[in-house]
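One letter stands for each residue in the lines below.
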Amino acid sequence: QKEQPKFDARKIAALLDQMLAGKERGGLDEKVARQTIQERIKQFQEMVEQEVRRRLAEDRGAEQIAKTAVQPLAEQVDFLRASRNDMAELRRQVFPLARRLATRLTARRRLGRKGKLDFRRTVRASLATGGVPLVTHHKPHKPHKPELVVLCDVSGSVAGFAHFTLMLAYALREQFTKVRAFAFIDTCDEVTRFFTPGGDVADALARMNAEAKLVWFDGHSDYGHSIEAFAEAYPDAVGPKTSLLILGDARNNYRATGAQTLKMLVQRARHAYWLNPEPEAYWGTGDSATRAYAEVIDMVECRNAVQLEEFVQKLLPA
């Protein structure tokens, strides 16, 4: 017996699709049914885990199990399964995480502070040693600081993930030349104005939720319309110096994907990535449009703060 039972994500995804068979695709009934089924699967998993712990306690003794039981750290908790307390703890960790990342990035830049070889200065200096270049001279190193554009789905269960990542981007803004943030549900609005230097991040998120124009039609996720609206309303947002970062689970209610417009944006950007908080095994199931998007943009599984930290270090080159 194992203390932490493992659940096959692919089988769970297949089971979810089977249970949704017959529901009107993209309709409210399917959305409600999906939410209900996911909650019941989660409850079932918790019941299985409790039963495993109970039986282990019978075999080994409750005291021994209590000693060996390890609670996952907040940064290891899945964004989509995080409780309110988990998310509150993650929010408290945003700025310490940002400071840690900034320190590592600064150290990397110092290690690589030498620029390209300055051939002329090196040859001139070698004249004093008989033409032997004992000392090399280098041009000043100018570390690349990219512009960052964050485009995030803030609907439903992915809102916590989007909020946490927005907060991290806000906290790391000094590592970028420029940061612009855009949010969407079924249409898109720029929310950079809510994140001002010295401002309270919690207030910024509250204002964003209350004041940003994120609903166009019915308030259900519409990635295609949101991508089209973003490209049309903000044609100057993505350029050759931009790192484009898209956040969301790509569950599109069986609507048009806008993949061709996304492809255009990706080609225009310096780098482009899509962070998906769902397990990769769920991608392409049900109303997930990940397959269409993964053909035009690098999609990365980002289920917890540990994976997000690893990704941010790659996003910010030395």
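My aim in this report is to walk through the structure given alongside it, one point at a time. (Residues numbered from 1 in each chain as written. Predicted model: local features only at pLDDT ≥ 70, side-chain atom pairs only at ≥ 80, totals over all residues. Heavy atoms only, no water.)

**Looking at the packing of aromatic side chains**
A complete count under the given rule lists twelve aromatic pairs for this structure. Judged by centre distance (4.7 Å) and plane angle (25°), the rings of Trp274 and Tyr293 are stacked. One end of the pair, Trp274, is in strand β7 (residues 271–276); the other, Tyr293, is in helix α10 (residues 290–294), and 19 residues separate them in sequence. A relative accessible area of 0% means that Tyr293 is categorised as buried. Following the ring pairs from residue to residue traces out a cluster consisting of Phe184, Tyr223, Trp274 and Tyr293. (Phe/Tyr/Trp six-rings, centres within 6.5 Å; stacked < 30°, edge-to-face > 60°. Helix = DSSP H or I, 4+ residues; strand = E, 2+ residues; numbered from the N terminus. Buried < 20%, exposed > 50% of the residue type's maximum accessible area, 1.4 Å probe, protein only.)

**A short note on the sheet that holds strand β5 (residues 188–190)**
Sheet architecture is open: six strands sit in the order β5-β4-β3-β6-β7-β8, paired in mixed fashion. Strand pairing shows two members of the sheet lacking a second neighbour, β5 and β8 (298–301), which therefore form its edges. When the angles between neighbouring strand axes are averaged without regard to direction, this sheet yields 20°. Pairing analysis gives five bridges linking strand β6 (residues 242–247) to β7, with the strands arranged parallel. The residue of β7 that forms the bridge with Ile246 is Trp274. Packed onto the sheet, helix α11 (residues 305–315) meets β3 (147–153), β6, β7 and β8 and runs at close to 180° relative to β7. (Pairing = 2+ DSSP bridges. Axes fitted to C-alpha atoms, helices over the stretch in contact; angles between N-to-C directions. Contact = heavy atoms within 4.5 Å.)

**With respect to the nonpolar core**
Membership of the largest hydrophobic core comes to 44 residues, with the highest contact counts inside it found for Phe164, Phe195 and Met208. Elements with a contribution of two residues or more to this core: α4 (84–111), β3, α6 (159–171), β4 (178–184), α7 (201–211), β6 and α11. Sequence-distant contacts of Met208, that is, excluding residues within four places in its chain, are made with Val154, His163, Leu166, Ala183, Val191, Phe194 and Phe195. Membership of the second largest hydrophobic core comes to 27 residues, among which are Val149, Leu151, Ile227 and Val238. (Core = buried A, V, L, I, M, F, W, Y, C linked by side-chain atoms within 4.5 Å.)

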